[in-house]
Protein chains: 2
Amino acid sequence: MVCEIWTPNRNTDKSIHQQIFHYLEDRIITGEWPAGYKLTPQRKLAEELNVHRSTIVNVLEDLKSSGLIEGQKGSATRVTTNINAFLTNGNRVNWDFRIKNAIYKESPPFLKTINNLELDSNIIQLSRAELADGFFPKYQMREITRLVGENLNYLGKEDPKGYFPLRESIARHLKNYGINTSPDCILVTSGATQGLQLIALGLLEKGSTVFLDTPSYLYSRHAFQSAGINLRGVSMDEKGMIPFEICNLRNYQNRAAIYSIPSFHNPTGIVMPPSRRNSILEMCLKQRLPLIEDDVYRDLWIDEPTPPPMKSMEGGNSVLYVGSLSKSLSPGLRIGWTVANKQVIERLADIKLQLDNGSSILPQHIAYEWLKGQFYNEYLMEIRKKLRVRRDFLLYMLEKHLGGIASWKVPTGGFFIWVNLNKCKSVHHLYLRLLNRGILIHPGSIYNEDRHNYVRLSFSYASMEELEEGIVVLAEELLKL
Amino acid sequence: MVCEIWTPNRNTDKSIHQQIFHYLEDRIITGEWPAGYKLTPQRKLAEELNVHRSTIVNVLEDLKSSGLIEGQKGSATRVTTNINAFLTNGNRVNWDFRIKNAIYKESPPFLKTINNLELDSNIIQLSRAELADGFFPKYQMREITRLVGENLNYLGKEDPKGYFPLRESIARHLKNYGINTSPDCILVTSGATQGLQLIALGLLEKGSTVFLDTPSYLYSRHAFQSAGINLRGVSMDEKGMIPFEICNLRNYQNRAAIYSIPSFHNPTGIVMPPSRRNSILEMCLKQRLPLIEDDVYRDLWIDEPTPPPMKSMEGGNSVLYVGSLSKSLSPGLRIGWTVANKQVIERLADIKLQLDNGSSILPQHIAYEWLKGQFYNEYLMEIRKKLRVRRDFLLYMLEKHLGGIASWKVPTGGFFIWVNLNKCKSVHHLYLRLLNRGILIHPGSIYNEDRHNYVRLSFSYASMEELEEGIVVLAEELLKL
């Protein structure tokens, strides 16, 4: 074994870079190469291992940043002088390298930044896609929690598909939308997020492509990407996704599914009319393409009831329907659902079992109490009134302070106004200036690179005063740009 | 484009099989090949596409089973005669093929079977690794739920690491074990299951190898495997994992981590003594290998307090510590924790955000109420007394009915007795016979292929009467084998 010269294996999943890193790392941490040991020069090492010199340069950079080797420009690279002390001082595991090469990729930095900023209560949130705490039905929720607590007998292992009475009440609730389904075809998830993640892991091929609205919700985009799915945009007009573009996909070999938010689309607020829904569904059926229908904003219509979901228009095999109580009731409850045929639901439940061993039972009991009678529907009527006031107020503020220098469509529900800042050249700049003044918006550029003159403003979270302040400052900064 | 002859691309993640399947499927569903269209003969098709004939045979088999083509032996393969009706009848999406080729693999069938059987209340559960409902602290849980409900103000978006006061109380709780940590280094998870899954996805390289106790807990094995991690066993003696075997891993290039359950190991019940813990930890540190310490049974000691965890013996960088309330309090609460350095926890929290957008808040409030004072510790004292009675009873039954034909070690805590049925040749046979009589055990063979004469018996779930009946029948069936 000692006489054999090691070279990286080219017939494996592992990159050459990773293999060489581990090989060199091993020589050092096993003590084979002691402190101060002079490494073979880069050029020679590259020859010996039969790789590009640039690969060696990169690996040595990683070893250097993890503290195992040292060397100034021009002098030889050596194993770190105090390597033994270094290794015994708890620096043994090289997490940087591990994180960089792990199965799941890190979230894009802007996603992390925005997520942290959205938790900052000192910032005016024109960004957060969530109902303000003033909407929260505190007294009903307390009453329901009391009721659930009083009847608590045991919190044991449950069906991974979720609490059966909850699935029954979701089925009844979905019937109001025209979806005919049964508890067997429903999986309770931790919000819609988990539904999308389970679909990605359990039904899609690695490296295949999901087609989705452009612009599109950044977290759902990320849900697919982190699982190793490629994304391609489908253009939208004022009615949503354009059917002709889906028709063109028939020659695209790696197509896996269509993903769309047809009701109160995030970020544009667009509602797909029934005829468009029909065309999109037809296009998918023709190509045997699953359609992932993300319908989390459905219950939040303001002006008129949302058109029936595409799920209600098909035979039950092609549409994967994702819904949730996170937008309409409470994101902290973590209750959502995925509806599909039984085979698909069993598959997703099997993966859910692997990922989290099923959802917590108490929140499911609470969601059941909300959905079983008229509680939830009555609550929604109140929410709609309040949302309408906020939307109208934000529209009024926009008209007052941005009339003439920006344009927008009136959303008929949901949380967002998608504002075109006609002459804005860099919405990222504007975002930073507003942040500097304590106001958070979503720049359009994070939804789609070429939306550099759009912002997404949410009217669901900030108070009226904050909405006003936000728009006043937005107008000021816009004029300064 | 039309003139070009399509051939599969060999420089992609997608298998040749998948590519050809999709290519042929597309010809049919786009109507290019209409109903009754005669396909090119297998041999010729294989030549044209430059692949083995067996590949074509397999692809055609898949197309046949999905209803797109038909053909009797000896006659030509044709596109299904009623293909148009078939495609409009909701048979458009081929879920079989998609599930087979998706990113995550399906659970092994026996895992699904056992999981379903464990939910069957008509079966005597000598299998379920869970406290019986008689242990459930119903009145305290009701009281706590009432308290939490009364003080409920808002259930909004939270820090993905989990509810801060809960993380503080977990940190305090871990101090009892000798682990010094802070809320920043703790991630609240949906049981230990999710912790393991996040570690696999967020810190391990695809195709790398985790080394673990042999035999080992089947669900945790699966948590790694479904994410694409390889497993290799490390032999155990009566003190647990053998350090020398880890020493030997230094030449194993793909090593990613060690995984162990050092306290009341599942399935053997072994407790690693402090000196062994020290050696294992040293071996890991020397090789810069992360050690995943799964400590979910820690609180369930019966005879004497569990030795300090390995996490308490290191500098804070190498041990990934996984704990939970699922075994000791309630699996349905879905509260667990992962403890590591801040960098690692932030990485895992980022993935948790992608997977489920954070844990439900109510169960976290409830767990906080349990852990913040002496509630949980007082409860544990009660549990230990009851567990001791059950363990002793099962030991007595074993002695009475299996004395001389089986052997076992007395477990000093946890849920299991790992019984060696000295002369049993096929424990799988025994498992089936017992199941036939309404009794569920875990055959040793599901933990490790060569444990064909072991069974794992759980004393935590079945009633005393059921324990007795179970052992009587086990003895009967064993003698019949």
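Quick look at the structure, then.

Parameters and conventions
Residues numbered from 1 in each chain as written. Chains lettered and ligands numbered in written order. Predicted model: local features only at pLDDT ≥ 70, side-chain atom pairs only at ≥ 80, totals over all residues. Heavy atoms only, no water. Contact = heavy atoms within 4.5 Å. Buried area = accessible area lost by both parts, 1.4 Å probe. Salt bridge = Lys/Arg side-chain N within 4 Å of Asp/Glu carboxyl O. Polar contact = N/O pair within 3.5 Å; in protein donor to acceptor, adjacent residues only side chain to side chain. Helix = DSSP H or I, 4+ residues; strand = E, 2+ residues; numbered from the N terminus. Expected span 1.5 Å × (residues − 1). Least-squares fit on C-alpha atoms with pLDDT ≥ 70 in both. Phe/Tyr/Trp six-rings, centres within 6.5 Å; stacked < 30°, edge-to-face > 60°. Buried < 20%, exposed > 50% of the residue type's maximum accessible area, 1.4 Å probe, protein only. Lys NZ or Arg CZ within 6 Å of the ring centre and 35° of its normal. Pairing = 2+ DSSP bridges. Axes fitted to C-alpha atoms, helices over the stretch in contact; angles between N-to-C directions. Parallel < 35°, antiparallel > 145°, perpendicular 65-115°, else oblique. Core = buried A, V, L, I, M, F, W, Y, C linked by side-chain atoms within 4.5 Å. Left-handed = near helix turned anticlockwise from the far one by under 90°.

### Description of the interface of chain B and chain A
And then number 1: The partner chain A presents 113 residues to the 113 residues of chain B that form the contact.
And then number 2: Interface of chain B and chain A: buried area, both sides summed, is about 9,800 Å²; carbon and sulfur atoms make up 52% of it.
And then number 3: Broken down residue by residue, the surface that chain B buries against chain A is led by Trp95, Lys157 and Arg288 of chain B, which jointly contribute 10%.
And then number 4: One can count six salt bridges joining chain B with chain A.
And then number 5: Counting across the chain B and chain A interface gives 68 residue pairs in polar contact (both at pLDDT 80 or more).
And then number 6: Top contributing element to the side of chain B that touches chain A by residue count: helix α13 (residues 342-356) of chain B, with nine residues.

### What about helix α15 (residues 375-402) of chain B?
And then number 1: When the terminal C-alpha atoms of α15 of chain B are compared, their 40 Å separation across 28 residues agrees well with the 40 Å that a helix rising 1.5 Å per residue should span.
And then number 2: Once α15 of chain B ends, the next one or two residues include Gly404 of chain B, with phi positive near 95°.

### Observations concerning the relation of the copies chain B and chain A
And then number 1: Its rotation angle being 180°, the transformation that places chain B on chain A also includes 0.0 Å of axial translation and leaves an RMSD of 0.1 Å. The relationship between the two copies is best expressed as a two-fold rotation axis. Taking the C-alpha atom as reference, chain B places Arg146 of chain B closest to the rotation axis, 2.5 Å from it.
And then number 2: When the interface residues of chain B are mapped onto chain A, 99% of them are again interface residues, pointing to one common binding face.

### Side note on the packing of aromatic side chains
And then number 1: Considering all chains together, one arrives at 28 aromatic pairs over all chains under this definition.
And then number 2: Centroid distance Phe21 of chain A to Phe97 of chain A: 3.7 Å. Interplanar angle 10°. Geometry classified as stacked. Of the two residues, Phe21 of chain A sits in helix α1 (residues 16-29) while Phe97 of chain A sits in helix α5 (residues 95-101), which places them 76 residues apart along the sequence.
And then number 3: Judged by its relative accessible area of 3%, Phe97 of chain A is buried.
And then number 4: Ring centres 5.9 Å apart and planes at 85° place the aromatic pair Tyr163 of chain A and Tyr368 of chain A in the edge-to-face group. Residue Tyr163 of chain A is located in the loop between α7 (138-150) and α8 (164-175), and its partner Tyr368 of chain A is located in helix α14 (residues 361-372); the two are separated by 205 residues in the primary sequence.
And then number 5: In this structure an aromatic cluster arises from ring pairing among Trp370, Phe375, Tyr376 and Tyr379 of chain A.
And then number 6: It is Arg98 of chain B that lies over the ring of Trp95 of chain B; its NZ or CZ is 6.0 Å from the centre.
And then number 7: The side chain of Arg298 of chain B reaches across the aromatic face of Tyr177 of chain B, ending 5.0 Å from its centre.

### Focus on the sheet that holds strand β5 (residues 209-214) of chain A
All names here are of chain A.
And then number 1: Sheet architecture is open: eight strands sit in the order β4-β11-β10-β9-β8-β5-β6-β7, paired in mixed fashion. The open sheet has two free edges, formed respectively by β4 (186-189) and β7 (240-241), since each of these has just one partner strand.
And then number 2: With six bridges joining them, β5 and strand β6 (residues 230-237) adopt parallel strand pairing. Looking at β6, one finds that Phe211 is bridged to Arg232.

### A few points about the packing of helix α14 (residues 361-372) of chain B against α15 of chain B
Residues and elements named next belong to chain B.
And then number 1: Put simply, α14 and α15 touch, their axes get as near as 5 Å, and they point 75° apart. Our classification of the angle between α14 and α15 gives roughly perpendicular. Between α14, through Glu369, Trp370 and Leu371, and α15, the contact on the second element is made entirely by Phe375, Tyr376 and Tyr379.

### Examining the pairing of strand β15 (residues 454-458) of chain A
Residues and elements named next belong to chain A.
And then number 1: By the criterion of burial, β15 is predominantly enclosed, with five of the five residues buried.
And then number 2: Along β15, one buried face is formed by Tyr454, Arg456 and Ser458 and the opposite face, lined by Val455 and Leu457, is buried too.
And then number 3: Examined bridge by bridge, strand β12 (residues 416-420) and β15 share five bridges and lie antiparallel to one another. For Val419, the partnering residue across the bridge sits in β15 and is Val455.
And then number 4: Inspection of the sheet shows strand β14 (residues 442-443) paired to β15 by two bridges, in the antiparallel sense. Pairing of His442 across the sheet is with Arg456, part of β15.

### Looking at the pattern of salt bridges
All names here are of chain B.
And then number 1: Following the criterion strictly, the structure yields 52 salt bridges over all chains and no others.
And then number 2: Here Lys161 and Asp159 are joined by a salt bridge, their closest N and O atoms 3.9 Å apart.
And then number 3: By relative accessible area, which is 12% here, Lys161 ends up buried.
And then number 4: The class of Asp159 is partly exposed, set by a relative accessible area of 27%.
And then number 5: Among the salt bridges present, the one from Glu476 reaches Arg437, with a minimum N-O distance of 2.8 Å. Here Glu476, found in helix α17 (residues 464-480), pairs with Arg437, found in the loop between α16 (427-436) and β13 (439-440); they are 39 residues apart in sequence, far enough to count as distant.
And then number 6: Look at Glu476 and you get partly exposed, because its relative accessible area is 35%.
And then number 7: Overall, the relative accessible area of 37% leaves Arg437 in the partly exposed class.

### Describing the nonpolar core
One recurring pattern in soluble globular proteins: nonpolar side chains tend to sit buried together.
And then number 1: Counting residues in each nonpolar core, the largest one holds 241 residues, and the members touching the most others are Leu457 of chain A together with Leu457 of chain B.
And then number 2: Setting aside its immediate chain neighbours within four residues, Leu457 of chain B contacts Leu126, Leu394, Leu398, Phe415, Phe416, Ile417, Val419, Ile441, Ile471 and Leu474 of chain B.
And then number 3: Counting 24 residues, the second-largest nonpolar core is a separate cluster that includes Tyr23, Ala46, Ile83 and Phe97 of chain A.

### A few points about unusual backbone geometry
Residues and elements named next belong to chain A.
And then number 1: In this structure, the amide linkage connecting Thr214 to the following residue, Pro215, adopts the cis form with an omega of -5°.
And then number 2: Considering the arrangement of structural elements, one finds Pro215 in the loop between β5 and α10 (218-226).
And then number 3: Phi angles above zero are rare outside glycine, and Arg288 is one such case at about 55°.
And then number 4: In this fold, Arg288 is placed in the loop between α12 (274-286) and β9 (291-294).

### Focus: the packing of helix α2 (residues 42-49) of chain B against helix α3 (residues 53-65) of chain B
Residues and elements named next belong to chain B.
And then number 1: The geometry of α2 relative to α3 is characterised by a closest axis approach of 8 Å and an angle of 115° between their N-to-C directions. Relative to α3, the element α2 is oriented roughly perpendicular. For the pair α2 and α3, the crossing hand works out as right-handed. Across the interface between the two elements, Gln42, Arg43, Leu45, Ala46 and Leu49 of α2 pack against Arg53, Ile56, Val57 and Leu60 of α3.

### A word on the side chain of Ser330 of chain B
And then number 1: In this structure, Ser330 of chain B sits in the loop between β10 (319-324) and β11 (336-339).
And then number 2: According to the relative accessible area criterion, Ser330 of chain B is buried, its value standing at 0%.
And then number 3: Engagement of the side chain of Ser330 of chain B in a polar contact is seen with the backbone nitrogen of Leu333 of chain B, the distance being 3.1 Å.
And then number 4: In this view, Ser330 of chain B contacts Leu155 of chain A together with Phe136 and Leu325 of chain B; residues no more than four positions away in its chain are not counted.

### Section: the sheet that holds β15 of chain A
Strand pairing in a sheet is mediated by backbone hydrogen bonds. Such pairs are either parallel or antiparallel.
And then number 1: Here three strands make up an open sheet; going across it, the order is β12-β15-β14 (chain A) and the pairing antiparallel. Strands with a single pairing partner mark the edges of an open sheet, and in this sheet they are β12 and β14 of chain A.

### Some details on the environment of Met397 of chain A
Residue and element names in this part refer to chain A.
And then number 1: Considering the arrangement of structural elements, one finds Met397 in helix α15 (residues 375-402).
And then number 2: Taking the relative accessible area as the measure of exposure, Met397 reaches 2% and is therefore buried.
And then number 3: Linking Met397 and Leu467, residues 70 residues apart in sequence, is a C-alpha distance of 8.1 Å.
And then number 4: Not counting residues up to four positions away in its chain, the partners in contact with Met397 are Leu402, Glu468 and Ile471.

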